Amino acid sequence: MTSLAVTQGIKLAVKNDDQPATRVKVGDLVVGGETVIVMAGPCTVETDEQLMETAREVKEAGAHILRGGAFKPRTLPYSFQGLGEEGLKLLSRARDETGLPIVTEVMSPEDVELVEAYTDILQIGTRNMQNFPLLKRVGRASKPVLLKRGMSATIYEWLGCAEYILSEGNPDVILCERGIRSFNDVTRNTLDISAVPIIKQVSRLPIIVDPSHGTGIRSLVAPMTKAGVAAGADGALVEVHCDPDHALCDGAQSLRPWEFRALMGELEPLARAVGKRLS
Ligand code: PEP
Ligand code: MN
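Here the structure is a predicted model, which is why all the values come from computation and not from measurement.

Caption draft 1: View of the coordination of the manganese ion (ligand 2). At 2.0 to 2.4 Å from the manganese ion (ligand 2) lie its protein donor atoms, namely C43 (SG), H213 (NE2), E239 (OE) and D250 (OD). Mapped onto the sequence, the donors of the manganese ion (ligand 2) take the spacing C-x169-H-x25-E-x10-D. Of the two residues, C43 is situated in the loop between β3 (37–41) and α1 (48–61) and D250 in the loop between β10 (235–239) and α9 (257–273); the sequence distance between them amounts to 207 residues. Taken as a pair, C43 and D250 share a single burial class, namely buried.

Caption draft 2: Just the site of ligand 1, in detail. Taken together, the neighbourhood of ligand 1 is formed by R67, K72, P73, E105, Q123, G125, T126, R127, K148, R178, H213 and E239. Take T126: an N or O atom from its main chain is 2.8 Å from an oxygen atom of ligand 1. Each residue belonging to the shell around ligand 1 can be placed in one class, and the counts come to one nonpolar, four polar and seven charged.

Caption draft 3: Summary view of the sheet that holds strand β6 (residues 121–124). Read around the barrel, eight strands follow the order β3-β4-β5-β6-β7-β8-β9-β10 and close on themselves; strand pairing throughout is parallel. Taking each pair of neighbouring strands and ignoring which way they run, the sheet shows an average axis angle of 25°. With three bridges joining them, strand β8 (residues 173–177) and strand β9 (residues 207–209) adopt parallel strand pairing. When the sheet's bridge partners are listed, E177 is paired in β9 with V209. Contacts from helix α6 (residues 195–202) reach β8 and β9, with the element oriented near 175° to β9.

Caption draft 4: Geometry of helix α2 (residues 85–98). With 14 residues, α2 should reach 20 Å at 1.5 Å per residue; the first-to-last C-alpha distance of 20 Å fits that figure. Within α2, the full set of buried residues consists of G87, L88, L90, L91, S92, A94, R95 and T98.

Caption draft 5: Up close: the pairing of strand β7 (residues 145–148). Across the two faces of β7 the burial is the same, with V145 and L147 and L146 and K148 all buried. As paired elements, β6 and β7 share three bridges and run parallel to each other. Residue Q123 lies in a different strand from β7, and its bridge partner there is L146. Regarding the hand of the β-α-β motif, the stretch spanning β7, helix α5 (residues 155–167) and β8 is right-handed.

Caption draft 6: Structural view of the environment of I207. With respect to the secondary-structure elements, I207 resides in strand β9. In this structure, the C-alpha to C-alpha distance between I207 and V31, residues 176 residues apart in sequence, is 8.5 Å. Once you skip the residues sitting within four places of it in the chain, I207 turns out to touch W158, L175, E177, A195, V196, I199, K200, A233, D234 and G235.

Conventions used here
- Residues numbered from 1 in each chain as written.
- Chains lettered and ligands numbered in written order.
- Predicted model: local features only at pLDDT ≥ 70, side-chain atom pairs only at ≥ 80, totals over all residues.
- Heavy atoms only, no water.
- Donors = N, O, S within 2.8 Å, 3.2 Å for Na, K, Ca; no water.
- Helix = DSSP H or I, 4+ residues; strand = E, 2+ residues; numbered from the N terminus.
- Buried < 20%, exposed > 50% of the residue type's maximum accessible area, 1.4 Å probe, protein only.
- Near = heavy atom within 4 Å.
- Polar contact = N/O pair within 3.5 Å; in protein donor to acceptor, adjacent residues only side chain to side chain.
- Nonpolar A, V, L, I, M, F, W, Y, C, P; charged D, E, K, R; others polar.
- Pairing = 2+ DSSP bridges.
- Axes fitted to C-alpha atoms, helices over the stretch in contact; angles between N-to-C directions.
- Contact = heavy atoms within 4.5 Å.
- Expected span 1.5 Å × (residues − 1).
- Right-handed = clockwise from strand over helix to strand, strands pointing away.

Now the structure itself:
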C-alpha cells in the first residue's frame, strides 16, 4: 500500500496487488506502456487546410495521436466556440489521411454519443472535471477517456472523478495534468510536475502532461514536456499549429511544426533515459 494519503475511499483507481497498472489501448498504441505517447495538434479545428496541414506535420514529426477541439469551452460566449460536428468530420478525415487516432473534447452528456462516433479518445476538459453527469455518461462509453485535472482540483478530487468513470464500467481512463492555479503570474497555469510521480505511486492509471495549457507560453512548452517525461509521465498533449500567429485559439502556446519536430528529437534520448521509448 501507498504511504501518500490521497486515496481514502478510492477503490478502482488505486494500484495494488490485485489491480496492476492500467494500459489503455488506442488502436495499436498503448498509453501506460513502454512507449511515451505524444498527442499533438491544434487547440481548435478551424479549417480543412489548417487541420490537414498541421496533422501531416505532426505525423511526420512522429506524433502518435492527433488532437483538436471541435466543441470548445471558451471564457466568453463571443469567442469562437468550435465547428461542432463539422469539426469532428474534419478530424475523422485527418485520421483517414494520416492514420493517427484522434482525441477531442466532449462538453456535455448529450454530445457523448455524437463525439464517440467520431473520436478514438473522449477528452474531459479542466472546467468539466467535476461535471458528474458527464463523468457518469463517459463511464458508459466504449472509448477511452482523457480526464484533465481541474484547474483548482486536489489530487484526491481528481482521483475521485476518475473513480466516477471507472465505477460506471469504463476501465480506460488516462489522467492529464494540465496545470493548476497558483500565485505565479508569469505563466497561464502552474504545471504540477509532482502530480506525475504522485499518481504513479498511488494510482494504476496512466498519466500524461499538457505543457501547453500548463504554461501558456510557447518557449516553455518543450522544457516542461521534457520535465514531465523525466518525472515518469506516460506521454504528453502538445498544441501545434501550422500558423500560430493566426490561430483562433491558444496561438501563443502553440508550437510551430519545426519547433515540434525539434522537441520530438529531444524527447527520444529522454524517453530512453527513463527506460521507455518514443516510437
Ligand atoms: C484543450 O485541451 O483544448 C483544453 C481546452 O484544455 P483544458 O481543458 O485543459 O483547458
Ligand atoms: Mn487550447
